[in-house]
Amino acid sequence: MGKIIAIVNQKGGVGKTTTAVNLAAAVGLEGKKTLLCDIDPQGNTTSGYGVNKREVIGSYELLIGRTEIGQAIHTTPYKNVDLIPANMELAGAEVELIGLAQRESRLRAALSQVRDTYDYIFLDCPPSLGLITINALNASDTFLVPIQCEYYAMEGLSQLMNTVRQIKRLYNPPLDLEGVLLTMYDGRLNLTQQVVAEVKRFFPKKVFATVIPRAVRLSEAPSFGQPIQYYDGRSKGSEAYNALAKELLAQNKKR
């Protein structure tokens, strides 16, 4: 049975989508059958895989019950990675979900049909704590939190953890923290060291040893519709996400 990991932080600009795109690609390169599900209405993960979000059936149709999951899954040119894309209509899904039955567990029900097909399923969540993110946390075994090494890094995290506690209590008791990922890391800065210390104090033993550096090539890759491993496999960003994949797989070695 595949493990489902939500990549979540309601604060924008923390490297959430960058992590979803590149971690999924790196796990695929490690030989694991991987599904990447874009449930962020911005659709940046979809664009990051070179898919035109104006022309696809994907997570919106899946959430509102307009399609079966098999029709929402698209193959990609990247080794062992399939994609459920986001299209422009997903922006209205929060409102539509309110009136639907089992509105908090629709993604879980859909993914349960294919999780045996994959080793890992990654969910790129929106930068909010609305119904789509609730669906993701309800569907997941664990959640991964990217945090940027900048001022206000911890802002909003208490709200996220409160939401997680509610999801555990109401819908998904086994939900656990996979780990916290430090992004936009620059070890030369005192601020970075302060943020690292604060994050480790807040999440003891849950911070990944791998850190994601500030890297120009990481910023460039999405405009070419490619994960960093395929855009520039020798870059620092590619090395970092490959190391993260190995670390993630090592802590899930029984899978």
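## Observations regarding unusual backbone geometry
Thinking step 1. Positive phi, normally seen in glycine, also occurs at Gln-102, with a value near 50°.
Thinking step 2. Mapped onto the elements, Gln-102 comes out in the loop between helix 5 (93-98) and helix 6 (106-111).
Thinking step 3. Gln-102 sits in the exposed class, given a relative accessible area of 59%.
Thinking step 4. Unlike most non-glycine residues, Lys-205 shows phi in positive territory, near 65°.
Thinking step 5. By secondary structure assignment, the location of Lys-205 is in the loop between helix 9 (190-202) and strand 8 (207-213).

## Concerning the side chain of Thr-45
Thinking step 1. Structurally, Thr-45 can be placed in helix 2 (residues 44-48).
Thinking step 2. Excluding anything up to four places from it in sequence, Thr-45 contacts Thr-17, Ala-20, Val-21, Leu-36, Asp-38, Leu-83 and Asp-124.

## Observations concerning a nonpolar patch on the surface
Thinking step 1. A contiguous nonpolar surface patch, about 440 Å² in accessible area, is contributed by Tyr-151, Tyr-152, Leu-189 and Leu-191.
Thinking step 2. Examined against the element boundaries, Tyr-152 turns out to sit in the loop between strand 6 (142-148) and helix 8 (157-170).

## Points about the pairing of strand 2 (residues 34-38)
Thinking step 1. Counting buried positions along strand 2 gives 5 out of 5 residues, so the element sits mostly inside the fold.
Thinking step 2. With burial as the criterion, each face of strand 2 is covered, one bearing Thr-34, Leu-36 and Asp-38 and the other bearing Leu-35 and Cys-37.
Thinking step 3. Pairing of strand 2 with strand 4 (residues 81-84), which is carried by 4 bridges, proceeds in the parallel orientation. Considered in strand 4, the bridge of Thr-34 is made with Val-81.
Thinking step 4. The pairing of strand 2 with strand 5 (residues 120-124) spans 5 bridges and is parallel. Bridged to Cys-37 within strand 5 is Leu-123.

## What to know about the pairing of strand 6
Thinking step 1. Most of strand 6 sits inside the fold, with 7 of its 7 residues counted as buried.
Thinking step 2. Across the two faces of strand 6 the burial is the same, with Thr-142, Leu-144, Pro-146 and Gln-148 and Phe-143, Val-145 and Ile-147 all buried.
Thinking step 3. In this structure, strand 1 (residues 3-7) lies alongside strand 6, joined through 3 bridges in parallel fashion. Residue Ala-6 lies in a different strand from strand 6, and its bridge partner there is Phe-143.
Thinking step 4. Note: strand 6 against strand 7 (residues 176-185), 7 bridges, orientation parallel. By the bridge assignment, Pro-146 is partnered in strand 7 with Leu-181.
Thinking step 5. For the crossover from strand 6 across helix 8 to strand 7, the handedness is right-handed.

## Examining the pattern of salt bridges
Thinking step 1. Evaluated as defined, the whole model comprises 13 salt bridges.
Thinking step 2. As a salt-bridge pair, Asp-40 and Lys-16 come within 3.4 Å of each other at their nearest N and O atoms. One end of the pair, Asp-40, is in the loop between strand 2 and helix 2; the other, Lys-16, is in helix 1 (residues 16-29), and 24 residues separate them in sequence.
Thinking step 3. Take Lys-16: its relative accessible area is 5%, and that puts it in the buried class.
Thinking step 4. Note that Glu-89 is salt-bridged to Arg-66, the shortest N-O span being 3.8 Å.

## So, the packing of aromatic side chains
Thinking step 1. Summed over all chains, the structure comprises 5 aromatic pairs.
Thinking step 2. Arranged with centres 5.2 Å apart and planes meeting at 85°, the rings of Tyr-49 and Tyr-78 form a pair that is edge-to-face. Taken together, the positions of Tyr-49 in the loop between helix 2 and helix 3 (59-64) and Tyr-78 in the loop between strand 3 (74-75) and strand 4 put the pair 29 residues apart, joining distant regions of the chain. By the burial criterion, Tyr-49 is buried, and Tyr-78 matches it.
Thinking step 3. Ring centres 6.2 Å apart and planes at 10° place the aromatic pair Tyr-120 and Phe-122 in the stacked group. Each of the two residues, Tyr-120 as well as Phe-122, counts as buried.

## Describing the nonpolar core
Thinking step 1. Of all hydrophobic cores here, the largest spans 53 residues; its most connected members are Leu-107, Leu-111, Leu-123, Phe-143 and Phe-203.
Thinking step 2. Those residues in contact with Phe-203 that lie beyond four places of it in its chain are Ile-147, Met-154, Leu-157, Met-161, Leu-177 and Val-180.
Thinking step 3. Core analysis: the next-biggest nonpolar cluster, separate from the first, contains 31 residues, Val-21, Tyr-120, Ile-212 and Ala-245 among them.

Conventions we followed
Residues numbered from 1 in each chain as written. Predicted model: local features only at pLDDT ≥ 70, side-chain atom pairs only at ≥ 80, totals over all residues. Heavy atoms only, no water. Helix = DSSP H or I, 4+ residues; strand = E, 2+ residues; numbered from the N terminus. Buried < 20%, exposed > 50% of the residue type's maximum accessible area, 1.4 Å probe, protein only. Contact = heavy atoms within 4.5 Å. Patch = residues over 30% accessible without salt bridge, like charges linked within 9 Å, V, L, I, M, F, W, Y side chains within 5 Å. Areas by Shrake-Rupley, 256 points an atom, 1.4 Å probe, with all protein chains shown as cover. Salt bridge = Lys/Arg side-chain N within 4 Å of Asp/Glu carboxyl O. Pairing = 2+ DSSP bridges. Right-handed = clockwise from strand over helix to strand, strands pointing away. Phe/Tyr/Trp six-rings, centres within 6.5 Å; stacked < 30°, edge-to-face > 60°. Core = buried A, V, L, I, M, F, W, Y, C linked by side-chain atoms within 4.5 Å.

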